[in-house]
Protein chains: 2
Amino acid sequence: MAGSRCKPPDAVVWPQNAEQVSRLAALCYGHGLPIIPFGTGTGLEGGVCAVQGGVCINLTMMDRILELNPEDFSVVVEPGVTHRALNTHLRASGLWFPVDPGADASLCGMAATRASGTNAVRYGTMRDNVLNLEVVLPDGRLLHTAGQGRHFRKSAAGYNLTGLFVGSEGTLGLITAATLRLHPTPEATVVATCAFPTVQAAVDSTVHILQAAVPVARIEFLDDVMMDACNKYSKLNYSVAPTLFFEFHGTKEALAEQVQRAEEITQNNGAFHFSWAKEAEERRQLWAARHNAWYSALALRPGSKGYSTDVCVPISRLPEILVQAKEDLKASGITGAIVGHVGDGNFHCILLVDPEDPEELHRVKVFAEQLGRRALALHGTCTGEHGIGLGKRHLLQEEVGAVGVQTMRQLKAVLDPKGLMNPGKVL
Amino acid sequence: MAGSRCKPPDAVVWPQNAEQVSRLAALCYGHGLPIIPFGTGTGLEGGVCAVQGGVCINLTMMDRILELNPEDFSVVVEPGVTHRALNTHLRASGLWFPVDPGADASLCGMAATRASGTNAVRYGTMRDNVLNLEVVLPDGRLLHTAGQGRHFRKSAAGYNLTGLFVGSEGTLGLITAATLRLHPTPEATVVATCAFPTVQAAVDSTVHILQAAVPVARIEFLDDVMMDACNKYSKLNYSVAPTLFFEFHGTKEALAEQVQRAEEITQNNGAFHFSWAKEAEERRQLWAARHNAWYSALALRPGSKGYSTDVCVPISRLPEILVQAKEDLKASGITGAIVGHVGDGNFHCILLVDPEDPEELHRVKVFAEQLGRRALALHGTCTGEHGIGLGKRHLLQEEVGAVGVQTMRQLKAVLDPKGLMNPGKVL
């Protein structure tokens, strides 16, 4: 819902290196001008809105891959490099970077928002895959969160500054380079899908698969409304029922076993049928529904705009919150489809809104807030991967409590005493 | 080397719950008394030394496992619970907590020092396995780093306070409960070992195994001196050569494949022979050398004390630093054996010191510092898992640079303005 409040900055600058970013930041800070870092602008929570005006520092011209260390499974990228660009560059190396938030976002922007996506159940989020950051602090000083040039796998040296800046949404400094952890490209991939009589059966299958230590790479949930939308949009013939989409990575032998286990578990939980595919074209067809989920949902109501919720709960609480969310949707008369990174307990309601209808916008906002509060009541979070941005600041307060917010404010105040770094966001 | 400087506190208190810890902290802080949190005292860097006197808050009487959520793969423990006690408690649940630093340390202490150990190559360190912390701040306020009662797998809500407190070594607050991420107990386990003609061949094998995405659970390196010590101590008959010890976790079918791949890779790198075992008693025998490494090293020189270095480097730089370390040991006339978590680039020189010989203590200190600087020069860290404590504060400054240390000092100053939380440590 951030879009409606978005304001343009007073100026946009395109620095070409960290030295220029540093001089720009020092200049803005000295003159009391707000600083808004900009990567690809693909964030969903209004993180690049210039609510107090100021200078947008657009980092897209810094798009070099600075250093690749294949034996160390690490790479250093500038803020203009997107995750797809990196994976294209890595193609011949036998390595890849698995975090994929859907949009072709910049990797430093993904670090700034602690992005995640469909592979997180196996490979973790940006929290787990950033080894070091080069950050221009608000006053222009250059910080290397783990020390300049360092790219070790682990350390116990002092406070985890990398972890502090990952997810800070541009409110503590500008990320001008990120050192990322790479993973070996899977030798082979199998995808699978199956439908269930109930949401509970789909979630139970997910828990059982995780408990059986099947190293599933992706496990995505689509509800009946979403499956119906996908059938219509992509002319497919799936059951209109709660459905799981799986992806498995491994050797051919290991994959056969993983798929067999997943099939057994889903069948024990009453799955209708289990289809799987190992060839690239078949895989693409089988996952078409999931890949086009966003556009399929939008097509349910041509002309509407999509708004995505982002709660995440302990996985045992997923069935009840999904059932509640569907009832709330019905009660509020909003068209919405559900897609979830179910292995992490994270799901999105894609809500369809007429941007010209303030009453409907209001209903959507009320629904999203209610859903956030339902997640909080179930020991969950109001944002699994999109961030707080502009619209969830009050929910953040409810989530971490008064002392949590006070502590965050103290950190913000000491690193950005004038409150000029991406003002109005997070806190 | 911290031991020689260690000082006792003026008083020790044994609170029984977080409320009492909070009142104690507020009382001490109000009176300007240093506060030293104490778990099991198994840390190696002098983290519990009361260098300025003050009150030691011994947390061992708070030893309850507060909450187990098997479907959510999470557990909440008080600071007196050790990792062995937790795993005993979990035995029937099908879950376990994999981080194992060797000593039977308390889990909250392990969180405070960002502990790690032999399983980190697959399961991560405390950084990756702490979901939430209850922290008593220096002034007595109670902080839940991820919000009270929350135990989701991921979140993008505000600053990562959990990450800030993990590894803060008691300098920002007292951890009074930790919510940990659990993992499914492996269905089966196989261990293996093989010897190599050179350190390079052992490290190359490690890199190739990681590149082949073999999900090895442990991969430990022992140098020739350590193998000789193990043979003597445990009356074994291993080759006196650089040696790798492996542990694999998985289903029986998956294990057969993992072991076969590892064997192929090590043989391609010139391994002498590859032995493996799957039954519990055989496994125990095969890993006896690794399990007793510390005591075997100490037995090289009866009456001596052991001091452990802890550098970690990008894995590609391991062979050169290991060769340098062995040459440095020789040149300085110090008896030392090497054991390493080679999959993470982390290794320990176990140095044998006569505690009554100040000249030898000095030589050991010079060697350890030189090794720390060698690691820093290779883009590594002076501490992979033991922490900074008292003795590595100057190396931390070299590691993270002036702006890094300034930033850490700012964070410390804002959360502990009187500088009373575990003073003299880290910064």
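A quick note: this is a predicted structure, and the numbers were derived from the prediction, not measured.

I'd like a description of the overall build of chain A, backed by residues and values.
Per the secondary structure count, chain A includes 14 helices and 17 strands. Along the first, second and third principal axes, the C-alpha atoms of chain A reach 65 × 55 × 40 Å. Residue pairs at least 24 apart in sequence account for 71% of intrachain contacts in chain A once pairs closer than 6 positions are excluded. As displayed, chain A offers around 15,300 Å² of accessible surface, 52% of which is attributable to carbon and sulfur atoms. Charge-centre separation for chain A: the mean point of 38 positive side chains lies 4 Å from the mean point of 43 negative side chains.

Lay out the sheet that holds strand β3 (residues 55-58) of chain B with the relevant residues and their values.
Residue and element names in this part refer to chain B. Across the sheet, three strands lie side by side as β1-β3-β2; this open sheet has parallel pairing. On the outer flanks of this sheet lie β1 (11-13) and β2 (35-38), each paired with one strand and no other. When strand polarity is set aside, the average angle formed by the axes of neighbouring strands in this sheet is 25 degrees. Running over the sheet, helix α1 (residues 18-30) touches β1, β2 and β3 and is turned about 150 degrees from β2.

Break down the sheet that holds strand β12 (residues 216-222) of chain B for me, citing the residues and quoting the values.
Residue and element names in this part refer to chain B. Spatial ordering of the open sheet is given by β14-β11-β13-β12-β16-β17-β15, a layout of seven strands whose pairing is antiparallel. With one partner strand each, in any of the chains shown, β14 (274-277) and β15 (305-308) form the two edges of the open sheet. Across the sheet, the mean angle from the axis of one strand to that of its neighbour is 20 degrees, orientation sign disregarded. Pairing geometry for β12 and strand β16 (residues 336-341), over three bridges, is antiparallel. In the sheet register, Leu222 faces β16, and the bridge partner there is Val339. The sheet contacts of helix α8 (residues 224-234) involve β12, β13 (243-250), β16 and β17 (346-353), and relative to β16 the element is tilted by about 105 degrees. On the sheet, helix α13 (residues 358-377) packs against β15 and β17 and is oriented at approximately 170 degrees with respect to β17.

Requested: an account of helix α9 (residues 252-268) of chain B, with residues and values cited.
Along its 17 residues, α9(B) runs 25 Å from first to last C-alpha, staying within 8% of the 24 Å computed at 1.5 Å per residue. Listed as buried for α9(B) are Ala254(B), Leu255(B), Glu257(B), Gln258(B), Val259(B), Ala262(B), Ile265(B) and Thr266(B). Buried-residue contacts for α9(B) involve α9 (252-268) of chain A together with β11 (188-195), α7 (199-211), β13 and β14 of chain B. Phi for Gly270(B), located one or two positions after α9(B), is positive at around 85 degrees.

Help me get a handle on the pairing of strand β16 (residues 336-341) of chain A, residues and values and all.
Every regular strand shows the same layout, with side chains that alternate between the two sheet faces. Residues and elements named next belong to chain A. Burial of β16 is extensive: six of the six residues sit out of reach of the surface. Both faces of β16 are covered, namely the face carrying Gly336, Ile338 and Gly340 and the face carrying Ala337, Val339 and His341. Pairing of β16 with strand β17 (residues 346-353), which is carried by six bridges, proceeds in the antiparallel orientation. Its bridge partner lying in β17, Ala337 is registered against Ile350. Once β16 ends, the chain turns through four residues before running back antiparallel as β17, passing Gly345 with a positive phi of about 75 degrees.

Go over the interface of chain A and chain B, please, and point to the residues and values.
At the junction of the two partners, chain A supplies 87 residues and chain B supplies 88 residues. Here chain A packs against chain B, burying approximately 7,200 Å² in sum over the two surfaces, 55% of which is carbon and sulfur. Counting across the interface, chain A meets chain B through eight salt bridges. Mapped onto the side of chain A that touches chain B, the elements with two or more residues apiece are α4 (120-123), α5 (126-129), β8 (142-144), α6 (161-165), α7 (199-211), α9 and α14 (393-415) of chain A. Top element by residues in the side of chain A that touches chain B is α14(A). It accounts for 14 residues.

Residues and numbers for the relation of the copies chain A and chain B, please.
Aligned on chain B, chain A shows an RMSD of 0.0 Å; the corresponding rotation is 180 degrees and the shift along the axis is 0.0 Å. Those values place the two copies in the arrangement expected of a two-fold rotation axis. The residues that chain A uses at the interface reappear at the interface of chain B in 100% of cases, marking a shared surface.

Tell me about the packing of aromatic side chains, residues and numbers included.
Residues and elements named next belong to chain A. Tallied over the full model, the rule gives ten aromatic pairs over all chains. Taking the centre distance of 5.8 Å and the plane angle of 55 degrees together, the rings of Tyr238 and Phe245 count as tilted. Per residue, the accessibility class of Tyr238 equals that of Phe245, and both read buried. An aromatic cluster is defined as three or more aromatic residues linked by ring pairs; in this entry it consists of Tyr238, Phe245 and Trp287.

Explain the pattern of salt bridges to me, using residue names and the numbers behind them.
Per the counting criterion, the structure on display carries 42 salt bridges over all chains. A salt bridge links Arg373(A) to Glu398(A), with the shortest nitrogen-to-oxygen separation between them at 2.7 Å. Of this pair, Arg373(A) sits in helix α13 (residues 358-377) while Glu398(A) sits in helix α14, and the two are 25 residues apart along the sequence. The shortest N-O distance in the salt bridge between Asp416(A) and Lys412(A) comes to 2.7 Å. Taken individually, Asp416(A) and Lys412(A) each receive the classification buried, so the pair is uniform in this respect. Taken together, the shared-partner salt bridges connect Arg153(A), Lys154(A), Asp344(B) and Glu385(B) into one network.

Got a sec to walk through the pairing of strand β9 (residues 174-181) of chain B? Specific residues and values, please.
All names here are of chain B. Where burial is concerned, most of β9 is hidden: seven out of the eight residues are buried. One ladder, built from four bridges, connects strand β5 (residues 74-77) with β9; its direction is antiparallel. What sits directly across from Ser74, in β9, is Arg181. Here strand β7 (residues 130-136) runs beside β9; their pairing, made up of six bridges, is antiparallel. The partner of Val136 across the bridge, within β9, is Leu174.

Give me the lowdown on helix α12 (residues 318-332) of chain B, citing residues and values where you can.
Residue and element names in this part refer to chain B. The end-to-end C-alpha distance of α12 is 21 Å, a good match for the 21 Å that 15 residues give at a rise of 1.5 Å each. Along α12, the residues that are buried comprise Leu318, Pro319, Ile321, Leu322, Ala325, Asp328, Leu329 and Ser332. Considering only its buried residues, α12 is in contact with α7, β12, β16, β17 and α13. Count one or two residues on from α12 and you reach Gly333, which has phi positive near 65 degrees.

Tell me about the packing of α13(A) against α14(A), residues and numbers included.
All names here are of chain A. Viewed as axis vectors pointing N to C, α13 and α14 meet at an angle of 10 degrees, and their least axial separation amounts to 10 Å. The angle between α13 and α14 places the two elements in the roughly parallel class. Our pair here, α13 against α14, has a crossing hand that is right-handed. Contacts between α13 and α14 involve Glu369, Gly372, Arg373 and Leu376 on the former and, on the latter, His394, Leu395, Glu398 and Glu399.

Now, about the confidence of the model for chain A: what can you tell me, with residues and values included?
Segments scoring low in pLDDT should not have their predicted coordinates read at a detailed level. Averaged over chain A, the pLDDT score is 95; the fraction of residues at 70 or greater is 99%. Interface confidence for the predicted complex, expressed as ipTM, amounts to 0.97; the pTM equals 0.97.

The rules behind the values
- Residues numbered from 1 in each chain as written.
- Chains lettered and ligands numbered in written order.
- Predicted model: local features only at pLDDT ≥ 70, side-chain atom pairs only at ≥ 80, totals over all residues.
- Heavy atoms only, no water.
- Helix = DSSP H or I, 4+ residues; strand = E, 2+ residues; numbered from the N terminus.
- Contact = heavy atoms within 4.5 Å.
- Areas by Shrake-Rupley, 256 points an atom, 1.4 Å probe, with all protein chains shown as cover.
- Lys, Arg positive; Asp, Glu negative; His and termini not counted.
- Charge placed at Lys NZ, Arg CZ, Asp CG, Glu CD.
- Pairing = 2+ DSSP bridges.
- Axes fitted to C-alpha atoms, helices over the stretch in contact; angles between N-to-C directions.
- Expected span 1.5 Å × (residues − 1).
- Buried < 20%, exposed > 50% of the residue type's maximum accessible area, 1.4 Å probe, protein only.
- Buried area = accessible area lost by both parts, 1.4 Å probe.
- Salt bridge = Lys/Arg side-chain N within 4 Å of Asp/Glu carboxyl O.
- Least-squares fit on C-alpha atoms with pLDDT ≥ 70 in both.
- Phe/Tyr/Trp six-rings, centres within 6.5 Å; stacked < 30°, edge-to-face > 60°.
- Parallel < 35°, antiparallel > 145°, perpendicular 65-115°, else oblique.
- Left-handed = near helix turned anticlockwise from the far one by under 90°.
- pLDDT = per-residue confidence, 0-100.

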